[in-house]
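Take a look at the letters that make up each chain.
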Amino acid sequence: RPVQGFKCCTQDFLFTCVDLLLFLLDIGVDIWAAVSLYKQEAYVYFSLLLLFLLGSSMLVQVYSWLWYRYDDFKMKTKIEKKPSQCQLKLLHVFQLGIFFGLFHDDICVFIVPQSVAKFLRQDLRILHFIEMFSVKSTFVLTLPLALSSVLKAIGSTLSIASFLTTYDHSMRTFLPEKEKHHMISLVFYFIWNLVLISSRIAALALFASVLPCFIFAHFICSWLVLFFFAWRSKTNFMEDPRGEWLYRTTVGLIWYFNWFSVAKGMRIRSVLYHAYILIDICILCGLWCWKMSTDPSDFVTHPLTTAACVVAVYVLGLLFKVIYYTFFHPNLDKDKLKGATITEEQPEEEERPLKATDNKRMRKLAENFFC
């Protein structure tokens, strides 16, 4: 058991380091993209980039503040208790709430029990998940791609796929020990996410390279459809109606790139979603081929082959996903997951130490993920 606990701690520390590196890499690539646009004198794209970066940051700060409010501002550590409620609000207004949380999480790894550190890390991972797929992911990926920024595309795709893998690792916290997966399942999870996201981004990039003005119309129309299905899914992640509508809006943004289970019994909707995205990719690649045939480019000599490869890559990603869910993904009743169910009344035990499975928000996501 001590060896197993040491392995668990080592894995958690490794994934924490990966989270931090991805976060810093993401910031660095965003700065690089902004500087590149400014040097190219593309001031319209530069202004839009800053606008969407600010919008993404504001969205994450709103979630962070709402969760503090839902928890009645009960702080778990001495560091969290340092700022007053007013000071904490100012930190969020000035877009520093997430950075305080990140700094606090890194310090807590060394000064608080491992179980408490895991509990605090869960909320940060959800916030980072939202940030990765929010307005920043939607437009910061699309705009530079339209300007042929291949490095940004590759870096962002790898960053998203890697973070989704750490997110899956966090979900596994709620599984019984015998259901926890091995390294090969992590590899499959990373591969199918990487392949699906790469194909989606490539299709958007091809479309944006020939019809850049229509990419915004495509996003708005797609988001409206996806938002409607998020509403019809009857999500219950947040604790008040306005927060729930914000969450459904965010789910529409996430679904623009990748599937995300938001309620129990979403398998049929998952199939419909992937069919919709596959058709959308075919249409985007078809429009790109048509544009390339009417206005040939020296850069691409075989547009039809390129478009077919993008579609084939998405189909390959679906095949990897089927393999993962067939052999590696546990399907459990919510009662078999660790931690209290979300409908249970928690007994007020002041002295009981926190556990990672006490995080009710991550618990809800785990129920949607495994049940």
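Residues numbered from 1 in each chain as written. Predicted model: local features only at pLDDT ≥ 70, side-chain atom pairs only at ≥ 80, totals over all residues. Heavy atoms only, no water.

The line we're drawing: UniProt positions are given in the numbering used here, feature names are shortened, and annotations may be inferred rather than shown by experiment.
Per an unreviewed UniProt entry, the protein goes by the name XK-related protein and belongs to Maylandia zebra. Note on the protein: under the UniProt heading Sequence similarities (unreviewed entry), the record states "Belongs to the XK family."

Describing the overall build of the protein
This is how the line gets drawn: The helix and strand labels rest on DSSP assignments: H or I over at least four residues marks a helix, E over at least two residues marks a strand, and numbering proceeds from the N terminus. Burial status follows relative accessibility: with a 1.4 Å probe on protein chains alone, a residue under 20% of its type maximum counts as buried, one over 50% as exposed, and anything between as partly exposed. Any two residues having at least one pair of non-hydrogen atoms within 4.5 Å are treated as being in contact. Shrake-Rupley sampling with a 1.4 Å probe provides the accessible areas, and residues are treated as covered by the protein chains on show and by no other component.
Across its full length, the protein holds 14 helices and zero strands. The order of helices and strands in the protein, counted from the N terminus, is α-α-α-α-α-α-α-α-α-α-α-α-α-α. By residue count, 50% of the 371 residues in the protein fall in the buried class. Across the protein, contacts joining residues at least 24 apart in sequence account for 76% of those joining residues at least 6 apart. Here the protein displays about 18,900 Å² of accessible surface, and carbon together with sulfur accounts for 69% of that area.

So, the state of the cysteines
Our working definition: Disulfides are defined in this document as cysteine sulfur pairs within 2.5 Å.
Inspection of every chain in the model, using the stated rule, returns zero disulfides. Counting only cysteine sulfurs, Cys-289 is the nearest neighbor of Cys-285, a cysteine outside any disulfide, at a range of 6.9 Å. Since its relative accessible area comes to 15%, Cys-289 is described here as buried.

Examining the packing of aromatic side chains
Let me state the cut-off plainly: Pairing of aromatic rings covers Phe, Tyr and Trp, the last counted by its six-membered ring, and requires centre-to-centre distances within 6.5 Å; plane angles under 30 degrees mean stacked, over 60 mean edge-to-face, and any other angle means tilted. Our definition puts a charge over a ring when NZ of Lys or CZ of Arg is within 6 Å of the ring centre and also within 35 degrees of the ring normal.
In the structure shown here, the tally under the stated rule is 23 aromatic pairs. The interplanar angle of 75° and the centroid separation of 6.1 Å between the aromatic rings of Trp-67 and Phe-237 together place this pair among those described as edge-to-face. With Trp-67 in helix H2 (residues 43-70) and Phe-237 in the loop between helix H10 (214-232) and helix H11 (241-255), this pair connects stretches of sequence that are 170 residues apart. Aromatic side chains Tyr-324 and Phe-328 sit 6.5 Å apart centroid to centroid with 35° between the ring planes, which places their arrangement in the tilted category. Relative accessible area serves as the criterion here: at 0%, Tyr-324 is assigned to the buried category. Members of the aromatic cluster, joined through ring pairs, are Phe-188, Tyr-189, Trp-192, Phe-320, Tyr-324, Tyr-325 and Phe-328. Directly above the ring of Tyr-256 sits Arg-200, whose terminal nitrogen or CZ lies 4.9 Å from the centroid. For the cation-ring pair, Arg-248 lies above Trp-245, with the distance from its terminal atom to the ring centre recorded as 5.0 Å.

Some remarks on unusual backbone geometry
Non-glycine residue Lys-234 carries a positive phi angle of around 55°. Mapped onto the elements, Lys-234 comes out in the loop between H10 and H11.

Notes on the packing of helix H9 (residues 183-210) against helix H13 (residues 303-327)
Cut-off, in case you're wondering: Lines fitted to C-alpha atoms define the axes, with helix axes restricted to the stretch in contact, and inter-axis angles between N-to-C directions lie between 0 and 180 degrees. In this scheme, roughly parallel covers angles under 35 degrees and roughly antiparallel covers those over 145, while 65 to 115 is roughly perpendicular and the rest are oblique. For any pair of crossing helices, the crossing counts as left-handed if the nearer helix is rotated counterclockwise from the farther one by less than a right angle, and right-handed if it is rotated clockwise.
Contact pair H9 / H13: the axes reach a minimum separation of 8 Å and the direction vectors enclose 155°. Comparing their axes, H13 and H9 come out roughly antiparallel. As H9 runs across H13, the sense of the crossing is left-handed. Along its contact with H9, which presents Ser-185, Phe-188, Tyr-189, Ile-191, Trp-192, Val-195, Leu-196, Ser-199, Ala-202, Ala-203 and Leu-206, the element H13 presents Thr-306, Val-310, Val-313, Tyr-314, Leu-316, Gly-317, Leu-318, Phe-320, Lys-321, Ile-323, Tyr-324 and Tyr-325.

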